[in-house]
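Read off the chains here:
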Amino acid sequence: MECIELQSDIQLKEKFNRSSLLDFYKLYLPKETYPVLHDHALFMFSLFGSTYICEQLFSRMKNTE
C-alpha cells in the first residue's frame, strides 16, 4: 500500500525527479508516513556499502598471496 501511495503523490514525484536517490529517501520520504519503504531504503543503502567493503577486503587478501 505504501508503494501505491508513494506513486500517487505528485509532489513526491517531482522531488524524486529533482534530487538524487539518497537525498530523496533522506530528506523527502517521511518515516511516519512510509515506515516500511523508509526502512527498506536504509537496508538497501547499507547493503551496498558493506558489499563494497567486503569486495575491498577480498581484493587485498588476493594481492597478499
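Residues numbered from 1 in each chain as written. Predicted model: local features only at pLDDT ≥ 70, side-chain atom pairs only at ≥ 80, totals over all residues. Heavy atoms only, no water.

## Thoughts on the environment of Ala-41
Then comes step 1: Mapped onto the secondary structure, Ala-41 falls in helix H4 (residues 35-64).
Then comes step 2: Relative accessible area serves as the criterion here: at 8%, Ala-41 is assigned to the buried category.
Then comes step 3: Between the alpha carbons of Ala-41 and Leu-22 there is a distance of 8.7 Å; along the sequence they are 19 residues apart. (Helix = DSSP H or I, 4+ residues; strand = E, 2+ residues; numbered from the N terminus. Buried < 20%, exposed > 50% of the residue type's maximum accessible area, 1.4 Å probe, protein only.)

## Topic: the nonpolar core
Then comes step 1: Counting 6 residues, the largest nonpolar core consists of Leu-6, Leu-12, Phe-24, Leu-29, Tyr-34 and Leu-37.
Then comes step 2: Contact partners of Leu-29, with chain neighbours within four places excluded, come to Leu-6, Phe-24, Tyr-34, Leu-37 and His-38. (Core = buried A, V, L, I, M, F, W, Y, C linked by side-chain atoms within 4.5 Å. Contact = heavy atoms within 4.5 Å.)

## Digging into the confidence of the model for the protein chain
Then comes step 1: Mean pLDDT for the protein chain: 79, with 82% of residues reaching 70 or above.
Then comes step 2: Ranking the elements of the protein chain by mean pLDDT puts H4 last, at 74, and helix H2 (residues 10-18) first, at 87. (pLDDT = per-residue confidence, 0-100.)

## Some points on the side chain of His-38
Then comes step 1: Inspection of the secondary structure assignment puts His-38 in helix H4.
Then comes step 2: Overall, the relative accessible area of 15% leaves His-38 in the buried class.

## So, the packing of H2 against helix H3 (residues 21-28)
Then comes step 1: Relative to each other, H2 and H3 sit at 140 degrees, their axes nearing to 8 Å. When the axis of H2 is compared with that of H3, the two are oblique. Along its contact with H2, which presents Leu-12, Lys-15 and Phe-16, the element H3 presents Leu-21, Phe-24 and Tyr-28.
Then comes step 2: Looking at the contact of H2 with H3, its residues break down into 5 nonpolar, no polar and 1 charged. (Axes fitted to C-alpha atoms, helices over the stretch in contact; angles between N-to-C directions. Parallel < 35°, antiparallel > 145°, perpendicular 65-115°, else oblique. Nonpolar A, V, L, I, M, F, W, Y, C, P; charged D, E, K, R; others polar.)

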